[in-house]
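Below are the chains, spelled out letter by letter.
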Protein chains: 2
Amino acid sequence: MSEFWKSLPTLREDLQRVKDIILRQIQPSPEPVRTVLAELVESNGKLLRPAFVLLAAGFSELEPEDTQERIRKVGAGVEMLHMATLVHDDLLDGSPTRRGVPAVHVRKGPKSAVLIGDYLFTRSFVLLAENASTVNAKRLSRVVSRICTSEIEQAEDRFDPSVTVGRYLRRIMGKIAALFAISFYVGAVEGGCPPALANNLRKVGFNLGMGFQIIDDILDFVGTPDRLGKPVGQDLRDGSLTLPVILALTDDDGELAGVLTKPEYSDREIEEIVRMVVARGGVEQARSVAARYTRRARREIDALPAGLTRDALHQVAARLLEREY
Amino acid sequence: MSEFWKSLPTLREDLQRVKDIILRQIQPSPEPVRTVLAELVESNGKLLRPAFVLLAAGFSELEPEDTQERIRKVGAGVEMLHMATLVHDDLLDGSPTRRGVPAVHVRKGPKSAVLIGDYLFTRSFVLLAENASTVNAKRLSRVVSRICTSEIEQAEDRFDPSVTVGRYLRRIMGKIAALFAISFYVGAVEGGCPPALANNLRKVGFNLGMGFQIIDDILDFVGTPDRLGKPVGQDLRDGSLTLPVILALTDDDGELAGVLTKPEYSDREIEEIVRMVVARGGVEQARSVAARYTRRARREIDALPAGLTRDALHQVAARLLEREY
């Protein structure tokens, strides 16, 4: 289990059970696939989304033990949806590794990667249909369908410097924040929280997701390869123009835009772009946008009922948002 | 709407409504995707699976109008699951066309094809979660997860002449017959048929699916390109060894097996294989296996309550199973 949860051993133990549920769910898959999936589950994922489900449910005052197990199953279903999108994303992006191990498409080939992702989708729906309410199963499916359309839009926006801040924000909303938000919301509702509290928790997830992704995008400009686990400028290399670039373009004399319109960027050009983005204040401005979401997330957490669950949530938020960027 | 339903205009009209439901479900997708999906829906698909859902529900004695619309939505959800697997299959098989129009991966590229398939999966789950019972939504998801594992197994069996009849039958069960069977079963249950009747209908679907697929595999050896819409020997070209080959191998002196173990087959070798399979009685024997399933399907239909719905089902079975093979 990831080091990330070291200071929250109870949650960590719960997440270990979530992992076991996922492993049981993939049992019926044919042998070589099962091993690949099991290794993916065992690798160093933080299981953030199930953690959100569990933390949100922790705000309920009910929680008999049988609800707990059901909530863990819902968390497992959410993580499997996420895993399905990861397996497909790694294939589509040509990413060689995931969580330090070779990506599924590298190990089993592109065809199996498509089918293994599909398998995870359908198995997660089996689990969710069984353990979540109909309306929550529907909400989760809808959010994941939105992840797909956001990815399609992102693919179409590649190497296109006319992308606006609004379109960027909508894209990361669809790709990340919506699933963070619905994980909190579904956990809260399934746990038996009253609607107003569930809505507060949804907002925590939303702002956490937005802040988290913007920081990720900033780190592509100012991180070190060592800390990122990938080279600086990887998003640029893929043609993905994120917030720092988009903001830098608002203070550009045409030089940056000129390089960006090329159909692909050389290593030299990527260095150039990074330099120009920093020089035009793109990173600085993106930091202040991230800070806005971070502040909102904290404010929403502060508005939750005081107690150990809220303290734990503050810790998680700090760890996700206080990265050096 | 497909010519296939010409003699059953009421069912045809119902299927038109199923189509409209699917079109509404894909409304939220971003524009270029929506057009591609709409064209896929509008192209010449027979909508067999929703037809099975509707026909099975037709054996119920209940059927008030609001159930009818819900059943159509369940049918639409089943068709969307099927469409998702088709979009991915065409990509994985490199098929250039589907129902006479260029395949999605050809029109939108492989990345979008993966995401469009995922989008269809998740949208269909939204529809099924809303309109089918939890247990039926689960059954459908499980069958589709089995389609994925069957495809993975099939990919691993490519160019492998040691595949047994049992493994072949399990594979087409997972790929085709299970979804045919569950379409009948879910339609029956959602329509309010008693359990014994729903089980009979499930068996109709199963035998229909097995017979249908075996005939399809036979046609790869004896069909004409004109009627098939694809060249003879296409399965062989993809390395897929089907029932006629497997049966021919039981009466082989090593000559056929020798060619089959090659890592790919030239056009000349495909002609050779087809000739040897026919000469060794592979097609003949496969026909008798298909006939067995066809007979069983008919017997199961005969056991259903007499009436117009049963007559319609006999017509459908005849059209699916009495192809020249």
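Refer to the preceding data block for the structure.
Note that the structure is a prediction, hence the values are computed from the model and not measured.

A. Summary view of the overall build of chain A. Assigned secondary structure in chain A consists of 15 helices and 2 strands. In terms of overall dimensions, chain A has a C-alpha envelope of 60 × 50 × 35 Å along the principal axes. Counting across all 325 residues of chain A, residues that qualify as buried make up 58%. In chain A, of all internal contacts separated by at least 6 residues, the share reaching a separation of at least 24 is 74%. Carbon together with sulfur atoms contributes 50% to the accessible area of chain A, which is approximately 12800 Å² in total. A distance of 3 Å separates the average location of the 44 positive side-chain charges in chain A from that of its 45 negative side-chain charges.

B. Representation of the packing of aromatic side chains. Counted under the stated rule, the structure contains 12 aromatic pairs over all chains. Judged by centre distance (4.9 Å) and plane angle (65°), the rings of A:F52 and A:F180 are edge-to-face. Taken as a pair, A:F52 in helix 3 (residues 48-57) and A:F180 in helix 7 (residues 165-191) lie far apart in primary sequence, 128 residues in all. As far as the burial class goes, A:F52 and A:F180 line up, both buried. Ring centres of B:F52 and B:F184 lie 4.6 Å apart, and the angle between their planes is 20°; on these two criteria the pair is classed as stacked. Of this pair, B:F52 sits in helix 3 (residues 48-57) while B:F184 sits in helix 7 (residues 165-191), and the two are 132 residues apart along the sequence. Through a chain of ring-to-ring contacts, the aromatic side chains of A:F52, A:F180, A:F184 and A:F212 assemble into a single cluster. Sitting over the ring of A:Y293, A:R296 keeps its end group 5.2 Å from the ring centre. We note B:R319 situated over the ring of B:F4; from NZ or CZ to the ring centre the distance is 5.6 Å.

C. Region of interest: the nonpolar core. Formed by 225 residues in total, the largest nonpolar core has its most connected members in A:L208, A:I214, B:L208 and B:I214. Not counting residues up to four positions away in its chain, the partners in contact with A:L208 are A:F52, A:F180, A:F184, A:A297, A:A317, A:L320 and A:L321.

D. Spatial organisation of the relation of the copies chain A and chain B. You can overlay chain A on chain B at an RMSD of 0.0 Å; the transform is a turn of 180° with a shift of 0.0 Å along its axis. Between the two chains, the operation in question is that of a two-fold axis. Both copies present the same face, since 100% of the interface residues in chain A are matched by interface residues at the equivalent positions in chain B.

E. Examining the interface of chain A and chain B more closely. The interface of chain A with chain B comprises 33 residues on the first partner and 33 residues on the second. For the chain A face of the interface with chain B, the top three residues by lost area are A:L92, A:L115 and A:I152, together amounting to 19%. Counting across the interface, chain A meets chain B through 4 salt bridges. The tally of links between chain A and chain B comes to 6 residue pairs in polar contact (both at pLDDT 80 or more).

F. Region of interest: the environment of A:P32. Summarising the element assignment, A:P32 is placed in helix 2 (residues 31-42). With 76 residues separating them along the chain, A:P32 and A:K108 place their C-alpha atoms 8.8 Å apart. Setting aside its immediate chain neighbours within four residues, A:P32 contacts A:K108 and B:E156.

G. Layout of unusual backbone geometry. For A:L47, which is not glycine, the phi torsion reads 55° and is therefore positive. Among the structural elements, A:L47 can be located in the loop between helix 2 and helix 3.

H. Inspection of the pattern of salt bridges at higher detail. As enumerated under the stated definition, the model contains 40 salt bridges over all chains in all. One salt bridge in this structure joins B:E39 and B:R107, with 2.5 Å as the shortest N-O distance. Of this pair, B:E39 sits in helix 2 (residues 31-42) while B:R107 sits in helix 5 (residues 104-131), and the two are 68 residues apart along the sequence. Look at B:E39 and you get partly exposed, because its relative accessible area is 36%. Accessibility expressed as a relative area gives 36% for B:R107, which makes it partly exposed. Where B:D90 meets B:R98, a salt bridge forms, and the shortest distance between an N and an O atom there is 2.8 Å. Since its relative accessible area comes to 5%, B:D90 is described here as buried. Residues joined in a network through salt bridges with shared partners are A:D252, A:D253, A:E255 and A:R280.

I. Just helix 7 of chain B, in detail. All names here are of chain B. In a regular helix each residue adds 1.5 Å, so 27 residues correspond to 39 Å; helix 7 covers 36 Å between its end C-alpha atoms and thus fits that length. M173 marks the point of greatest bend in helix 7, at about 50°. Among the 27 residues of helix 7, 20 are classified as buried, and the element is accordingly described as predominantly covered. Following helix 7 by one or two positions, G192 adopts a phi angle in the positive range, close to 100°.

J. Molecular detail of the packing of helix 2 of chain B against helix 5 of chain B. Residues and elements named next belong to chain B. Where helix 2 contacts helix 5, the axes come no closer than 11 Å and their chain directions differ by 90°. In terms of their interaxial angle, helix 2 and helix 5 are classed as roughly perpendicular. Here P32, V33, V36, L37, E39 and L40 of helix 2 lie close against helix 5, whose contacting residues are V104, R107, K108, I116, Y119 and L120. Within the contact of helix 2 with helix 5, the residues separate by chemical class into 9 nonpolar, no polar and 3 charged.

K. Just the packing of helix 7 of chain B against helix 8 (residues 195-222) of chain B, in detail. All names here are of chain B. At a closest axis distance of 7 Å, the pairing of helix 7 and helix 8 adopts a crossing angle of 145°. Both helix 7 and helix 8 take part in a crossing whose hand is right-handed. Among the residues making up the contact of helix 7 with helix 8, the classes are represented as 20 nonpolar, 4 polar and 2 charged.

L. Quick peek at the environment of A:R158. Residue and element names in this part refer to chain A. Among the secondary structure elements, R158 is positioned in the loop between helix 6 (134-157) and helix 7. Owing to a relative accessible area of 38%, R158 belongs among the partly exposed residues under this scheme. In sequence terms R158 and G174 are 16 residues apart; their C-alpha atoms lie 17 Å from each other. In contact with R158, not counting residues within four places along its chain, are D238 and G239. At a separation of 2.7 Å, a polar atom in the side chain of R158 contacts the main-chain carbonyl oxygen of D238.

M. The arrangement of the state of the cysteines in detail. A complete count under the given rule lists 0 disulfides over all chains for this structure. Between A:C148, a cysteine without a disulfide, and B:C148, which holds the nearest cysteine sulfur, the sulfur-to-sulfur distance is 14 Å.

N. Quick look at the side chain of A:D217. Residue and element names in this part refer to chain A. Assignment of secondary structure puts D217 in helix 8 (residues 195-222). One buried charged residue, D217, forms no salt bridge at all, with the nearest opposite charge on R171 at 6.0 Å. Contacts of D217, omitting those with residues within four sequence positions, involve Y168, I172, D235, T242 and P244.

What counts, and at which threshold
Residues numbered from 1 in each chain as written. Chains lettered and ligands numbered in written order. Predicted model: local features only at pLDDT ≥ 70, side-chain atom pairs only at ≥ 80, totals over all residues. Heavy atoms only, no water. Helix = DSSP H or I, 4+ residues; strand = E, 2+ residues; numbered from the N terminus. Buried < 20%, exposed > 50% of the residue type's maximum accessible area, 1.4 Å probe, protein only. Contact = heavy atoms within 4.5 Å. Areas by Shrake-Rupley, 256 points an atom, 1.4 Å probe, with all protein chains shown as cover. Lys, Arg positive; Asp, Glu negative; His and termini not counted. Charge placed at Lys NZ, Arg CZ, Asp CG, Glu CD. Phe/Tyr/Trp six-rings, centres within 6.5 Å; stacked < 30°, edge-to-face > 60°. Lys NZ or Arg CZ within 6 Å of the ring centre and 35° of its normal. Core = buried A, V, L, I, M, F, W, Y, C linked by side-chain atoms within 4.5 Å. Least-squares fit on C-alpha atoms with pLDDT ≥ 70 in both. Buried area = accessible area lost by both parts, 1.4 Å probe. Salt bridge = Lys/Arg side-chain N within 4 Å of Asp/Glu carboxyl O. Polar contact = N/O pair within 3.5 Å; in protein donor to acceptor, adjacent residues only side chain to side chain. Expected span 1.5 Å × (residues − 1). Bend = angle between axes of the 7 residues up to and from the residue. Axes fitted to C-alpha atoms, helices over the stretch in contact; angles between N-to-C directions. Parallel < 35°, antiparallel > 145°, perpendicular 65-115°, else oblique. Nonpolar A, V, L, I, M, F, W, Y, C, P; charged D, E, K, R; others polar. Left-handed = near helix turned anticlockwise from the far one by under 90°. Disulfide = S-S within 2.5 Å.

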